[in-house]
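Chain and residue survey
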Amino acid sequence: MRSDSHIVSRRALLCVGLGVGTASVTGVAVGLLAHEDAGGGRHPGAAAGHRGGPASASAPAPGGPDPGRAAPGPRAAGKAPQLHRAVPDSYRLRPLAGETSMGAPKAHPPVRTHAETRLPELQGRLVMALTFDDGPHPEHTPALLEVLRRHGVQATFFVVGENAAAFPDLLHAIAADGHVVGNHSYTHRQLPRLPKAEVRGELGRTSELIDRVVGTPPRWCRAPYGDWHPPSLKVCADLGMEPMNWSVDTQDWARPGTARIVRAVTENAAPGAIVLHHDGGGPRHQTVAAVDRYLPLLRERGFTCVRPYV
């Protein structure tokens, strides 16, 4: 009997010990949950794969926190966190955060010896690229956007910085329709005649403006008059851009007449062609009318007008 009594006592003590241990673990878990709730949300890594949730929005980038975003703090119940995009003080030499042209962005493009005059990687496709320089213009750019929208065509607009600064809503309109916004310098000065520091100012200031207004820096750059030299090509690469010229010059800047602009495009249409037009720098009614006229003709011949990097 004494032995049985000892066994019963040991079992009672064991049960009491297990109960205390369970209560302790539960208390620790409750404490952690309460601390987490007071901190304003989950651990940053708990829902990194959840799209659209506050955890995915505030998760730090690999290698450390995002320097352009303030550290998350407590927030009132029921209110979504307010995320504000940092405005750059000056244009950064950094990996591209987004894209304004098709293709994977490159952090540091190699320094080119010349500008592209044809679309690369064609693979036998009948594609061409339409480009428009010197805008945006308050009359001609919206008219061109309407024509391109009606024909279902996307193009590239190489904007002059001072015009873009005067009409930022037109930059939004260009990007909203899916067109490429490219860099065409800030004041349309001939780059080889400038010191390298001024070349950097012309291109860097325009890239900064496009980045600030559209939300992503330009991938493509066209020198005024297509006039490149080694220092300007180096600056172009340093700013994360590729240089582009053209293979079909419509001479529309001289206002030769709508019919001649149409012929310049249709007679020189070829796979990979890059067509030069202007939507700024003077009256461009002939250009708008010509684009509206030749786009159906190109479609009948099997051509598709695309953004660069198809």
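In this report, we go over the structure that sits alongside the text. None of these values were measured; they are calculated from a predicted model. (Residues numbered from 1 in each chain as written. Predicted model: local features only at pLDDT ≥ 70, side-chain atom pairs only at ≥ 80, totals over all residues. Heavy atoms only, no water.)

**Looking at the overall build of the chain**
Along the backbone of the chain there are nine helices and eight strands. Within the chain, contacts between residues at least 6 apart in sequence are counted, and of these 76% link residues at least 24 apart. Per element, the accessible surface of the chain, about 16500 Å² overall, is 57% carbon and sulfur. (Helix = DSSP H or I, 4+ residues; strand = E, 2+ residues; numbered from the N terminus. Contact = heavy atoms within 4.5 Å. Areas by Shrake-Rupley, 256 points an atom, 1.4 Å probe, with all protein chains shown as cover.)

**Some points on the pattern of salt bridges**
Any two side chains of opposite charge can pair, so long as their charged atoms come close to each other. A complete count under the given rule lists nine salt bridges for this structure. R150 serves as the salt-bridge partner of E146, at 3.1 Å between the closest nitrogen and oxygen. Of this pair, E146 and R150 both sit in helix α3 (residues 140–151), separated by four residues, roughly a single helical turn. A relative accessible area of 47% places R150 in the partly exposed class. Several salt bridges converge on common partners, so that one network encompasses E146, R150 and D292. (Salt bridge = Lys/Arg side-chain N within 4 Å of Asp/Glu carboxyl O. Buried < 20%, exposed > 50% of the residue type's maximum accessible area, 1.4 Å probe, protein only.)

**Description of the environment of T131**
Position of T131 among the secondary structure elements: in strand β1 (residues 127–135). Once you skip the residues sitting within four places of it in the chain, T131 turns out to touch T156, F158, R222, M244, I274, V275, L276 and H277. Engagement of the side chain of T131 in a polar contact is seen with the backbone oxygen of V275, the distance being 2.6 Å. (Polar contact = N/O pair within 3.5 Å; in protein donor to acceptor, adjacent residues only side chain to side chain.)

**Quick word on the packing of aromatic side chains**
Tallied over the full model, the rule gives one aromatic pair. Ring geometry for F132 against F157: centres 5.1 Å apart, planes inclined by 25°, an arrangement best described as stacked. Linking F132 in strand β1 with F157 in strand β2 (residues 156–159), this pair joins segments that are 25 residues apart in sequence. The two residues F132 and F157 agree in class, both being buried. (Phe/Tyr/Trp six-rings, centres within 6.5 Å; stacked < 30°, edge-to-face > 60°.)

**Considerations on α3**
Compared with the 16 Å implied by 1.5 Å per residue over twelve residues, the 17 Å span of α3 between its first and last C-alpha is a close match. Buried within α3 are the following residues: H140, T141, L144, L145, V147, L148 and H151. Viewed along the axis of α3, the buried residues span an arc of 165°, placing them on a single side of the element. Contacts made by the buried residues of α3 are with β1, β2, α5 (168–176) and α9 (285–300). G152 sits one or two positions beyond α3 and adopts a positive phi of about 65°. (Expected span 1.5 Å × (residues − 1). Arc of directions from axis to C-beta.)

**Examining the pairing of β1**
Along β1, nine of the nine residues are buried, which leaves the element largely enclosed by surrounding structure. When β1 meets strand β8 (residues 304–305), the two strands line up parallel, connected through two bridges. When the bridges of β8 are listed, M128 appears paired with C305. Looking at chain direction, β1 and strand β7 (residues 274–278) are connected through five bridges and run parallel. Across the sheet, the residue bridging to D133 is H278, located in β7. Direction of pairing for β1 relative to β2: parallel, over a ladder of four bridges. By the bridge assignment, G135 is partnered in β2 with V159. Between the parallel pair β1 and β2, the chain is carried across by α3, and the sense of this crossover is right-handed. (Pairing = 2+ DSSP bridges. Right-handed = clockwise from strand over helix to strand, strands pointing away.)

**Some details on the packing of helix α6 (residues 196–214) against helix α7 (residues 230–238)**
Two numbers describe how α6 lies on α7: the axes approach to 10 Å, and their chain directions differ by 45°. Here α6 lies oblique to α7, going by the angle between them. As α6 packs across α7, the resulting crossing turns out to be right-handed. Every residue of α7 that contacts α6 at K196, V199, R200 and L203 is listed here: P231, S232, K234, V235, C236 and D238. In terms of residue class, the contact of α6 with α7 is made up of five nonpolar, one polar and four charged. (Axes fitted to C-alpha atoms, helices over the stretch in contact; angles between N-to-C directions. Parallel < 35°, antiparallel > 145°, perpendicular 65-115°, else oblique. Left-handed = near helix turned anticlockwise from the far one by under 90°. Nonpolar A, V, L, I, M, F, W, Y, C, P; charged D, E, K, R; others polar.)

**Digging into the environment of A115**
Structurally, A115 can be placed in the loop between α2 (54–58) and β1. As for A115 and M244, which are separated by 129 residues in sequence, their C-alpha atoms are 4.8 Å apart. Contact partners of A115, with chain neighbours within four places excluded, come to W228, P243, M244 and N245.

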